[in-house]
Amino acid sequence: MRRRDDGPAVDLGTRHYHRAMSDAPALHEQVLQRRANRQRMRALGLDPYGQRETGLCSLAEAKGAYDPGADEAYQKEGKTPGFADRRPERAVAGRVMLLRDNGKLIWMNLRDHTGDMQVAVSARDCASPGFDAAKLSDLGDIIIARGRLMKTKTGEITLWAGEIRPASKCLAPPPAKHEGLQDVELRYRQRYVDMWANPETMDVFFLRAKLITALRRFLDERGFVEVDTPVLQTLAGGAAARPFVTHMNALDIDLFMRVAPELFLKRLLVGGMPRVYEVARNFRNEGVDRSHNPEFSMVEVYEAFGSYDTMRELTESLLRSLARVVIAHRTGREPGAAEPLVLEFGGHAIDYARPFDVVTYGALFERALGFGLGDDGKVREAARARGLKTEGVDRLLLVQELFDEAEASIDPARPTFVIDYPAPLCPLTRSKTSDPSVAERFELFIAGMELANAYTELNDPDIQEAKFREQLGGIKDEEKTFRTIDEDFLNALRVGMPPAGGLGVGVDRAIMLLTGNSSIREVLLFPLMRPR
RNA sequence: GAGGGCGUAGCUCAGUCGGUAGAGCAGCGGACUUUUAAUCCGCGGGUCCGGGGUUCGAGUCCCCGCGCCCUCACCA
């Protein structure tokens, strides 16, 4: 039988180490040392991996429990016979971040998800074998400390340990204690190290969780029902994106992972749900960059008898309420009703309290390009000047190309709704009754990012079918494998879908904006990394 | 997909003109019961991302590859 300490090489945390493990029998000296310390703990009867504990409190709670009066009384009369020590006692657990061994008095700084706290372990006051456990602790170990709260002579709240127990050995040498883990690649690949070594990483994900909770609460309060629709689909519809394909053995069929929940959510309106939403993980088999990950989250919202106008109000209110959550998280207090809600992103101070800008597609185009999108001659001239092919190309397709410049002209610091797209560019959107050339659609741009997209949904099955077929006509052969008409969806429309507003918001992008991170990887716990 | 940058000790980083591979922290041995990035004395630690080339000699120059980051194009 193999001794536990000769066990298989676990991944101990660095690329160099990982590589060394695979072809060298000898472990790195620092790891060997940690294993040796673990063995010494066992020899003393300590379990380096701990046990269930009850009654632990967080480091922040422990610090908050400090009682100056009780501490002062102890300083004055602690040595008097019969003195009753009333300094609060707490038990905490955390990772050892700093270790100062003064011989018979050991200082350590523990860290948990609420912060750091100093613990003192004195040979005189700590029950055996706690002092030895402290002696054998390495940076990165998780330990449990129980003791009374006091202040050192320099005024730092400290837990004076009466008891120390190991809770988990850290066999991997931890990152530098002050710099933290700086290597971006390692931070993403080993998020479990990044999170405790860099508290700001932990903060982003706690804030992300709060924002998603707030998003749900916002929609719930407005009467939207959260639903779950299939991720594995026999047809990948709802967005013009390349899907991931997989295979189901039992039925011997190919399945697609969803690129959007849209077509299922609309079926629910047909079924009679008045307001639905889904926080949907979507999968798109496309490129990766700082705002795209192959799997990403979107919230899609549908409101029977709504329109793109109701969706616009909803979007603006939603972002405003999320901005409040961020500010409350940062400042520890709710911002007042009239207060600006300024969050910084990419060097821009964006005020979410101020009403968002609204501009029509046509007006924005004209403002940026200097002529109207209906001016066929000028559109073609401008397109040619930019090296685009123009012969036989529909004017509006050229307009769409030129519109990039219009988008770029939007003030990045001002959240801006671009509304009323040319109808031919949005075949699946309902046109204005008063002007069939205009589609009731908006996109929201903030800091140059497209954050939301909404429509007054098309609910005439014959028009929908005609547009589906028209769209399908112009696609490349390779796309035909996954772009087929969802006949059942058309059937649902024939059953009758109420007029509705529909909205999609990129959740990860919203989190980026609201938390001030310019890379989607910073707001995804485990972004996709190429395997090494 | 195109262009640019980066990859050196466990971590954070230096490394000049091509000439014996460095620092701080971490680690090891020792001292120390109020430290605060503890301090003091002593010691060990390298596949310079991988492969090839040029050269008497390559961490450094050239080529190929891998990974990550940035910019641009496309998808949200």
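Residues numbered from 1 in each chain as written. Chains lettered and ligands numbered in written order. Predicted model: local features only at pLDDT ≥ 70, side-chain atom pairs only at ≥ 80, totals over all residues. Heavy atoms only, no water.

## Quick notes on the overall build of chain A
Here comes step 1: When its secondary structure is counted, chain A shows 16 helices and 18 strands.
Here comes step 2: Relative to the compact-globule value of 24 Å for 532 residues, chain A shows a C-alpha radius of gyration of 30 Å, a clear excess of over 25%.
Here comes step 3: Along the three orthogonal principal directions, the C-alpha set of chain A runs to about 95 × 60 × 50 Å.
Here comes step 4: Classification of the 532 residues of chain A by burial places 48% in the buried group.
Here comes step 5: Across chain A, the fraction of contacts at a sequence separation of at least 24, relative to all contacts at a separation of at least 6, is 65%.
Here comes step 6: Carbon and sulfur atoms form 52% of the exposed surface of chain A, whose accessible area is close to 26600 Å². (Helix = DSSP H or I, 4+ residues; strand = E, 2+ residues; numbered from the N terminus. Rg over C-alpha atoms; globule rule 2.2 N^0.38 Å. Buried < 20%, exposed > 50% of the residue type's maximum accessible area, 1.4 Å probe, protein only. Contact = heavy atoms within 4.5 Å. Areas by Shrake-Rupley, 256 points an atom, 1.4 Å probe, with all protein chains shown as cover.)

## Focus: the packing of aromatic side chains
Here comes step 1: Tallied over the entire structure, the rule returns 10 aromatic pairs.
Here comes step 2: An aromatic cluster of three or more residues is present, and its members are Tyr-352, Phe-356, Phe-417 and Phe-442.
Here comes step 3: Above the plane of the ring of Phe-224 lies Arg-275, whose end atom (NZ or CZ) is 5.5 Å from the centre. (Phe/Tyr/Trp six-rings, centres within 6.5 Å; stacked < 30°, edge-to-face > 60°. Lys NZ or Arg CZ within 6 Å of the ring centre and 35° of its normal.)

## What about the pairing of strand 10 (residues 275–283)?
Here comes step 1: Here strand 10 lies mainly inside the structure; seven of its nine residues are buried.
Here comes step 2: Across two bridges, the pairing between strand 6 (residues 225–226) and strand 10 is parallel. In the strand pairing of strand 10, Val-225 is matched with Val-276.
Here comes step 3: Note that strand 10 and strand 11 (residues 295–304) share nine bridges and pair antiparallel. (Pairing = 2+ DSSP bridges.)

## Observations concerning the nonpolar core
Here comes step 1: Grouped together as the largest cluster of nonpolar side chains are 50 residues, with contacts concentrated most on Leu-219, Val-299, Tyr-352, Ile-446, Leu-503 and Leu-513.
Here comes step 2: No other element matches the 10 residues that helix 10 (residues 308–331) contributes to this core.
Here comes step 3: Setting aside residues no more than four positions away along its own chain, Leu-503 makes contact with Val-299, Glu-300, Val-301, Met-311, Leu-314, Thr-315, Phe-442, Ala-452, Asn-453 and Ala-454.
Here comes step 4: Counting residues in hydrophobic clusters, the runner-up holds 26 residues, among them Val-119, Cys-126, Ala-134 and Ile-164. (Core = buried A, V, L, I, M, F, W, Y, C linked by side-chain atoms within 4.5 Å.)

## Examining the packing of helix 8 (residues 199–221) against helix 10
The description of two packed helices rests on the angle between their axes and on the distance between the axes.
Here comes step 1: Two elements in contact, helix 8 and helix 10, have axes separated by 10 Å at closest approach and are oriented at 140°. Judged by the angle between their axes, helix 8 and helix 10 are oblique. For the crossing formed where helix 8 meets helix 10, the hand is right-handed. Listed contacts from helix 10 to Asp-203, Leu-207, Lys-210, Leu-211, Ala-214, Leu-215, Phe-218 and Leu-219 of helix 8 are Leu-314, Ser-317, Leu-318, Ser-321, Leu-322, Val-325, Val-326 and His-329.
Here comes step 2: Residue composition of the contact of helix 8 with helix 10, by class: 11 nonpolar, three polar and two charged. (Axes fitted to C-alpha atoms, helices over the stretch in contact; angles between N-to-C directions. Parallel < 35°, antiparallel > 145°, perpendicular 65-115°, else oblique. Left-handed = near helix turned anticlockwise from the far one by under 90°. Nonpolar A, V, L, I, M, F, W, Y, C, P; charged D, E, K, R; others polar.)

## Some remarks on the side chain of Asn-293
Here comes step 1: Its place among the elements puts Asn-293 in the loop between strand 10 and strand 11.
Here comes step 2: A distance of 3.0 Å separates the side chain of Asn-293 from the backbone oxygen of Glu-295, its partner in a polar contact.
Here comes step 3: Within the structure, Asn-293 has its side chain in polar contact with the backbone nitrogen of Leu-528 (distance 3.3 Å).
Here comes step 4: Ignoring sequence-local partners within four residues, the contact set of Asn-293 consists of Ile-520, Leu-524, Pro-527 and Leu-528. (Polar contact = N/O pair within 3.5 Å; in protein donor to acceptor, adjacent residues only side chain to side chain.)

## A word on the pattern of salt bridges
Here comes step 1: Summed over the entire model, instances satisfying the criterion amount to 37 salt bridges.
Here comes step 2: Measuring nitrogen to oxygen at the nearest pair gives 2.9 Å for the salt bridge that ties Asp-194 to Arg-191. Of this pair, Asp-194 and Arg-191 both sit in helix 7 (residues 191–197), three residues apart, which is roughly one turn of the helix. Arg-191 carries the same exposure label as Asp-194, and that label is buried.
Here comes step 3: The closest approach of N and O atoms between Arg-222 and Glu-313, which form a salt bridge, is 2.9 Å. Highlighted residues: Arg-222 in the loop between helix 8 and strand 6 and Glu-313 in helix 10, separated in sequence by 91 residues. (Salt bridge = Lys/Arg side-chain N within 4 Å of Asp/Glu carboxyl O.)

## Digging into the sheet that holds strand 15 (residues 416–422)
Here comes step 1: Reading across the sheet, the eight strands line up as 6-10-11-18-17-16-15-14 and stay open at both edges, with mixed pairing between neighbours. Each of the sheet's edge strands pairs with one partner strand only, and the pair in question is strand 6 and strand 14 (357–360).
Here comes step 2: Here five bridges tie strand 17 (residues 449–456) to strand 18 (residues 500–506), and the two strands are oriented antiparallel to one another. Counterpart to Thr-456 in the pairing with strand 18 is Gly-501.
Here comes step 3: Strand contacts of helix 16 (residues 507–515): strand 11, strand 16 (438–446), strand 17 and strand 18, with the helix running at about 135° to strand 17, the strand carrying the most contacts.

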